[in-house]
Amino acid sequence: MASLDAPQIVSSRKDYADSFTLSRYLETGGYVALKKALTMFPEVVAAEVDAASLLGRGGAGFPAGRKWSMLRKSPISYLVVNGDESEPATFKDHYLVERDPHQLVEGVIIASYALQVNQAFIFMRGEFALGLERVQQAVNDAYAHGALGSKIFGSDFSLDIVVHPGAGAYICGEETSLIEALEGKRGFPRIKPPFFPAVTGLYGEPTVVNNVETMSNLPWIVNNGGAAFAALGAGRSTGTRLFALAGRVKNPGVYEIEMVKNTFRDLIYDPRLGGGIIDDKQIKAFIPGGVSAPWFGPELLDLPLGQDEVAEKGSMLGSGSIVVMDETSCVVRATWRITKFFSRESCGQCTPCREGSGWIERVMYRLENGGGRMEDIDLLLDLCDNIAPGLTWPPQQTTICVLGPSIPSSVHSAIQMFRDDFVAHVEHGGCPHD
Amino acid sequence: MTDVTRTTVQVTLNGRVIEAKPGELLIEAAERAGTYVPRFCYHPRMEPVGVCRMCLVEVDSPRGATLQPACYLRVNDGMNVVTDSEKVKKAQDGVLEFLLANHPLDCPICDKGGECPLQDQTLAHGSGETRFIEEKRHFVKPIEIGELVLLDRERCIQCSRCTRFQAEVAGDAQIDFSGRGDLIEVAQSPTQPFDSVFSGNTVQICPVGALTAKPYRFSARPWDLEQVESTCTTCAVGCRVAVQSSGNRLTRVLGVDSDPVNHGWLCDKGRFTLDSIDGNILSSDPLLATSRITEPMVRRDGELVPVSWGEALREAATLLRDASATPGGVGAIGGAALTNEGAFAWERFVRGVLSSEHVDAQYGDGLDAKLLQALPKATIEEAANARTVVTLTGDLREELPILFLRLRENAVKRHNSIVEFSFGPSALRSVARTSLVVRPGEAHIVAKAIAQGGELPKGVVISEDELNDARRLVGESGEGVVFVVGRPNLAEDQRVIEAAIRTLAERYPQAKFLPALRRSNVNGALDMGLSPSLRPGRGFDASVTGRDTLAQLEALRSGDQKAVLLLGGCLLGNVVDVEAAKAALENADVVAVTGHGGATLAYAKVVLPAAVQHERSGTVTNIEGRVSAVSPKIVAPGSAWHDVAIAAELAEEFGQNLGLISVEQTAQTIEETTGYPALSVLNDEVYDGVVVGRHEVPSRRHSMDPMAFPGIRSTDSVGLGSRTGTTVVTNATGDVTTSAALWSDVAAGHGVDVPLADAYSLRVVLSRRLYDRGIAMQGSPALYNMVPATVLHLNHFDLDRLGVASGEYVKVNGPRGSLELPVALDDGVVRGTTNVAFATRNVDGVNVIPDLIDSDSVISQVRLETR
Amino acid sequence: MSHFRSDIRQRAEELVALYPRQRSAMLPMLHLAQEQDGYLSDEGIAEVAELTGTTPAEVRGTAAFYDMFHLEPVGKYVVGVCTNIACLLAGGEEFLEHASKKLGCPVGSTSDDGLFTLEETECLADCNIAPVVQVNHRYVRTTTPETFDAMIDDLRSGKLDHDVPSHGTLIRVRRSGGLRAARQEVADQRQTAKAARDARVESEKK
Ligand SMILES: Cc1cc2nc3c(=O)[nH]c(=O)nc-3n(C[C@H](O)[C@H](O)[C@H](O)COP(=O)(O)O)c2cc1C
Ligand code: SF4
Ligand code: FES
């Protein structure tokens, strides 16, 4: 049974129909944290976040406090919030921007204060039309309420937040690509070094990029203290986290549960959460952290939902999305669709990613739809190896950003775990499930 | 951390320790150490982007050896690099295989076949067998993205060199990537075709056959081509080029990377006007500028008819001898199209044989040569690195395109300042720190206001802040500042800009000057003494004064001068007041030495055919005074001769010996008698050296990476050197023969009377355009159609005030009567002025420029009326 | 002459003022251009180039990178059906086929009446209600062929006009006012904050 006693840190208002309005937000403790933060020294606010050990919720899982302090050497100029949420089957930020936009805005103001920046941008994927409207409304309300703009709540801190719509490109979730998009360019990830936007970011100036969920945790942390947050979870994985559960489960959805204290099995099978597999079928495989992550088989269902725990087994918790495949799902088809996604979303800069993704996708298509050859299976592995040499985890790469080495994740996993299915596809001259 | 005080760092490369410069790119350091790392997107003259991933090598990091792009990584002390491991080989082979996956196998019909880096690397490293059995990406075959460039999208390997060149180097992103992932393609906007004057560079640096040049397409196969290295003399920047021919037909010119000058870039005019040179257009009408003059001709019964060299020389000698019998009866005009050796020979002929001081290589469209000589000179490199550059020129992209690139680079890459005296539209404006709006007749006042704090006349819209900005950027003494000075307005008396230059030069003694005289070898011709008071070897003699071009034309009209020797070029195509020039020639005995036909020949009594660019050897001198060699690639058509030979033979007719028997020996004579570099440059195979004063600073030219400059096989073996000189005051033997012009010798800015601004008139700015109706363009089918018709460009304020829209015709009341011309909107035009392009024709093909010009006034004004 | 309507032009100029550099306004401004024309016309692109200090080729090139920008005219309603992993497992592909039949146009094209353009999309981040369908980037949450058909009929009859504006209109909530933290004020604040910090560090040292 899942342990569900932890507080709902970011989804406490999920039962209110009007959770997105300022009035509801104020009624439920909104902007108290900001007022408190404004009485503290900025460094002290940052120290609380550091003490919370809040890991970034965007995918890379880098501690927010460390990101902020590391950058302290040169003052930060801009805060950019990553609301691009395009990793397939990830839909937690969608929940946050539509249902609790003020919480996000308050988090952004708190972070801006801690970093002493005066302009913040919330970059949100363009397909979130409603989310964009809700967050823009929240920003407008915050200005009217005195929580944004010149001399916030009478303090001597001023801040502007600009809501910036994306326009449909997965790669803009990658932080340097997002910065390019924010500069009005096509979303080509920037080459490293410099490794962090904190060194050279937006307009070449030090910039902090954080995920929507990361920001949404801040009001609670300021209200309750970093220690209270760190008391939840275990090890490096503290606090609660929003998990987006999708695929062949009875109750797909977004669930906020305590980290490490729960396992994949808890999330997928607990009747208060995923509720088990549709038609009570057998689970065949699951993806633990977005389609960029290598897959797990049922034998790892009891693995705790913790960043290091998952990494140890050769995958990642990534964006917090868990996709479940059952015995009725065709893994070759699933893999093909994932490679098609990467091929469509590769930005096109790096040769291995641009050409490799398309090539792999076409081979996968043949395997699924007829025309597959036995040698294709090893060809696939070798092409993957040319993008992520050695096919290790964490991956090595021949590309600029990690979209490239994400392509092999599912191909390599699927062939390793279900080579027989691939062979069957070749022998059957297409998908035996059809 | 790299120690910046150290001059080298040590890097371990495949187990051996090499020295590298701190902060240098790994790919460069490795190459110098003899290890070539394969590459596609990297180009040594552009910022690295590391996208093709071909150059991956193993580099030690705290997390073990990782694959890193050598083109992007900068060396560190102690860095450990492996370029030949199995892992590196697999990664590089993988990238190559990926590149070929969608690349068509049409090498046999591809222009690039035979000189294609992708083909070369595939042959060197490729597995030979494809594992890609899918259908390749397909696009409709080549599309015309501009007048000159075709794009074959299937062949593109997305290295982004072309798009980066346009954005980063040219500053004009007319093409850009479009789409995403493997659907990415290079595209232009349907509303703005790719007509950048630098478009040919994208073709040259494209590592595959995706971008091809229309003029060259299918015209030759690389293995049929022979090449020499030479210097382009289409304008006076002096870009290094590889000139290629198939047999005796010029096929292609490519940019060679010269560190101090062009960095491998060329403008499209220099690159594509080949047809006008080798006379591929066959026409025997000497009045057509497109015709090559191949035989000597004399006028018989009103017609020019071919005769033998002997007969033509005799007749020329007779005309000139008769005229020289009266004092001041003969003179010479022109010379910018000559080599230094040719100019030197003709100078000896005019002064020595004809005993005339009336000689001028400019057409009244330049600057006082004495003034230029007295200025402390800057090199292009100095201007491209100067703390502040101040321009008193027309639009440099139109006048000296590669100088524009180098100055732009100074602003964009090095964040130095450009202060612009802005007379009209200018491509540098977008990167200039300050643009001071200057109307005709006001440059000297603005210069004074900067230098001495003088009052600005009423109506000038320069603010006190802008003036202070300019003063601050120039500084107290002008140290580290380069003034680029030219002739921004041909409708303005040249004394206006000369007075401005003088004011600035006197006020800022530490500043240097770069003259922007733009016509091919005009700088060399002046250095060889083809100007009143000048002497060969940049010498000066204040004791004599001769007539300049405009004075000679005047003298011809009045009958004081009887004959004129025209040295190359087309006089009528270059003077502003064509009618006055015609009247002068009408009266005169004209002997023309030229390689090209043209309207001027209608007045010639004798025409002597000369070899032109790419047909002759010798040296030329560019704007900064750099002397570099030109080489023949093809044999001149018919019986055209080198100028040295023509001058020497003509002297023989006078019973005199110039003492010049060959180009080599002429070069030797120049060097021996004046100390001016010539022979040493002609024979120098190694250095691309700069001679400033007497100090040689040799620097080796970049070796030619076939990847960076595909199509150029090697330049080391045929490489010819170049030198710049500033002032040479003694000859080789030490006895002083000439001296440099001194300030005291230069006529002071005598009063220029600028008429008051007339509120109802517009002042005319007659400016140069790259694409005009000059000889090069007229002979070039590729570029001819890109020359616009004569249009009056106006600011939108003035258009609104007149109530006309762009494209409409207006009635123009000019100094000589009225005419009709269309107007066009250009907000780069200064308020109260109208910009007109020199050497253009109206839609009916008529040259109406003279009707807009008031030769008797310092400035010209016109009134416009709606029809 | 401005191609943008005066209100669009005004909003475009307001956008530019929100960013330290004008080019940053590119994506939101392209959305505005689409709001006016339904797609990105050459004229719209030229005006965006002018307002963002770029060339038309750069604007076009940038726009073509993003799926939401259309360089060719599209229908009044752009119907996007997700077939990515979660939706695939919920029958997204079959659903897309159904949509194509219902609208009478192949994927990637526009129906004959010019009303609908059908697109296959990548994940739209609403995976618990799969297969996910968006119309003009509004979630319509119709996961069965029957509800889909009803929704299309409602669109046709104008019943959904309030929920689903015509293609191009993305954010109907306008920003209230421009930037408020004035530059000078911000600089002063930074100065004060730094002084306070330094003072504290000093006192901590003692
Ligand atoms: C291909 C790719 C896609 C990404 N997409 C997202 C995304 O949609 N949202 C997000 O917050 N982070 C995304 N990231 C991670 C960001 O680069 C960055 O690490 C993150 O926004 C930092 O915020 P955090 O520290 O709060 O997690 C992506 C990274 C990559 C390489
Ligand atoms: S790995 Fe792919 S997505 Fe990332 S920068 Fe390279 S081409 Fe673009
Ligand atoms: S990535 Fe180095 S040459 Fe292209």
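See the structure above.
Read on for an overview of the structure.

The rules behind these values
Residues numbered from 1 in each chain as written. Chains lettered and ligands numbered in written order. Predicted model: local features only at pLDDT ≥ 70, side-chain atom pairs only at ≥ 80, totals over all residues. Heavy atoms only, no water. Helix = DSSP H or I, 4+ residues; strand = E, 2+ residues; numbered from the N terminus. Rg over C-alpha atoms; globule rule 2.2 N^0.38 Å. Buried < 20%, exposed > 50% of the residue type's maximum accessible area, 1.4 Å probe, protein only. Salt bridge = Lys/Arg side-chain N within 4 Å of Asp/Glu carboxyl O. Near = heavy atom within 4 Å. Polar contact = N/O pair within 3.5 Å; in protein donor to acceptor, adjacent residues only side chain to side chain. Areas by Shrake-Rupley, 256 points an atom, 1.4 Å probe, with all protein chains shown as cover. Nonpolar A, V, L, I, M, F, W, Y, C, P; charged D, E, K, R; others polar. Expected span 1.5 Å × (residues − 1). Phe/Tyr/Trp six-rings, centres within 6.5 Å; stacked < 30°, edge-to-face > 60°. Lys NZ or Arg CZ within 6 Å of the ring centre and 35° of its normal. Pairing = 2+ DSSP bridges. Axes fitted to C-alpha atoms, helices over the stretch in contact; angles between N-to-C directions. Contact = heavy atoms within 4.5 Å. Buried area = accessible area lost by both parts, 1.4 Å probe.

### A closer look at the overall build of chain A
Phase 1: Counting secondary structure elements, chain A contains 17 helices and ten strands.
Phase 2: Against the 2.2 N^0.38 benchmark of 22 Å for 434 residues, chain A shows a C-alpha radius of gyration of 22 Å, consistent with a compact globule.
Phase 3: Taken along the three principal axes of its C-alpha coordinates, chain A extends 75 × 45 × 35 Å.
Phase 4: When burial is assessed residue by residue, chain A has 70% of its 434 residues classed as buried.

### Examining the pattern of salt bridges
Phase 1: This model, assessed by the stated rule, comprises 98 salt bridges over all chains.
Phase 2: For the salt bridge of Asp-382 of chain A with Arg-131 of chain B, the shortest nitrogen-to-oxygen distance reads 2.8 Å. Here Asp-382 of chain A, found in helix α16 (residues 374-387), pairs with Arg-131 of chain B, found in the loop between α3 (117-125) and β6 (143-144), and the two come from separate chains.
Phase 3: The exposure class assigned to Arg-131 of chain B is partly exposed, which follows from its relative accessible area of 30%.
Phase 4: In this structure, Asp-152 of chain B engages Arg-155 of chain B in a salt bridge whose closest nitrogen and oxygen atoms are separated by 3.6 Å.

### Quick notes on the site of ligand 1
All names here are of chain A.
Phase 1: Contacts to ligand 1 come from 18 residues, most closely from Gly-58, Asn-82, Asn-210, Asn-211 and Thr-214.
Phase 2: At 3.1 Å from an oxygen atom of ligand 1 is found a main-chain nitrogen or oxygen belonging to Glu-85.
Phase 3: Contact with the protein chains removes 91% of the 610 Å² of surface that ligand 1 exposes when unbound.
Phase 4: At three residues, strand β4 (residues 207-211) tops the list of elements feeding residues into the shell around ligand 1.
Phase 5: Residues belonging to the shell around ligand 1 are distributed by class as follows: four nonpolar, eight polar and six charged.

### Overview of the site of ligand 2
Phase 1: Lining the immediate surroundings of ligand 2 are 13 residues, of which Cys-347, Cys-350, Cys-353, Thr-399 and Cys-401 of chain A lie closest.
Phase 2: Looking at the shell around ligand 2, its residues break down into eight nonpolar, five polar and no charged.

### Observations concerning helix α2 (residues 86-101) of chain B
Each turn of an α-helix holds 3.6 residues, which means side chains three or four residues apart point in the same direction.
Phase 1: The end-to-end C-alpha separation of α2 of chain B is 22 Å, in line with the 22 Å expected for 16 residues at 1.5 Å each.
Phase 2: By the burial criterion, the buried members of α2 of chain B are Val-88, Ala-91, Gln-92, Gly-94, Val-95, Leu-96, Glu-97, Phe-98, Leu-99 and Ala-101 of chain B.

### Describing the packing of aromatic side chains
Phase 1: Scanning the model with the defined rule gives 29 aromatic pairs over all chains in all.
Phase 2: Between Tyr-170 of chain A and Phe-342 of chain A the ring centres are 6.4 Å apart and the planes differ by 70 degrees, which places this aromatic pair in the edge-to-face class. With a gap of 172 residues between them, Tyr-170 of chain A in the loop between β3 (160-165) and α8 (175-182) and Phe-342 of chain A in helix α14 (residues 331-345) connect regions that are remote in the sequence. The pair Tyr-170 of chain A / Phe-342 of chain A is uniform in exposure class, with both members buried.
Phase 3: Between the NZ or CZ atom of Arg-397 of chain B and the centre of the ring of Phe-404 of chain B, over which it lies, the distance is 5.8 Å.

### So, the sheet that holds strand β9 (residues 283-287) of chain A
All names here are of chain A.
Phase 1: Read from one edge of the open sheet, four strands run β8-β7-β10-β9, paired in mixed fashion. The open sheet has two edge strands, β8 (253-258) and β9, and neither has a second partner. Neighbour-to-neighbour, the strand axes of the sheet open up by a mean angle of 30 degrees, direction not taken into account.
Phase 2: Looking at chain direction, strand β7 (residues 240-247) and strand β10 (residues 321-326) are connected through four bridges and run parallel. If you follow Ala-244 over to β10, its bridge partner there is Ser-321.
Phase 3: Running at roughly 115 degrees to β7, helix α5 (residues 92-99) makes contact with β7 and β8 of the sheet.

### Points about the interface of chain A and chain C
Phase 1: Every contact between the two is made by 79 residues of chain A and, on the other side, 58 residues of chain C.
Phase 2: Carbon and sulfur atoms make up 55% of the surface buried where chain A meets chain C, a total of about 5700 Å² over both sides.
Phase 3: Seen at the junction of chain A and chain C, the total is nine salt bridges.
Phase 4: Glu-133 of chain A is the salt-bridge partner of Arg-138 of chain C, the closest N and O atoms lying 3.0 Å from each other.
Phase 5: Of all the secondary-structure elements, those providing two or more residues to the side of chain A that touches chain C are α5, β2 (119-124), α7 (129-145), β3, α8, β7, β10 and α14 of chain A.
Phase 6: If you tally residues by element for the side of chain A that touches chain C, the top one is α14 of chain A, at nine residues.
Phase 7: Grouping the constituent residues of the side of chain A that touches chain C by class yields 39 nonpolar, 21 polar and 19 charged.

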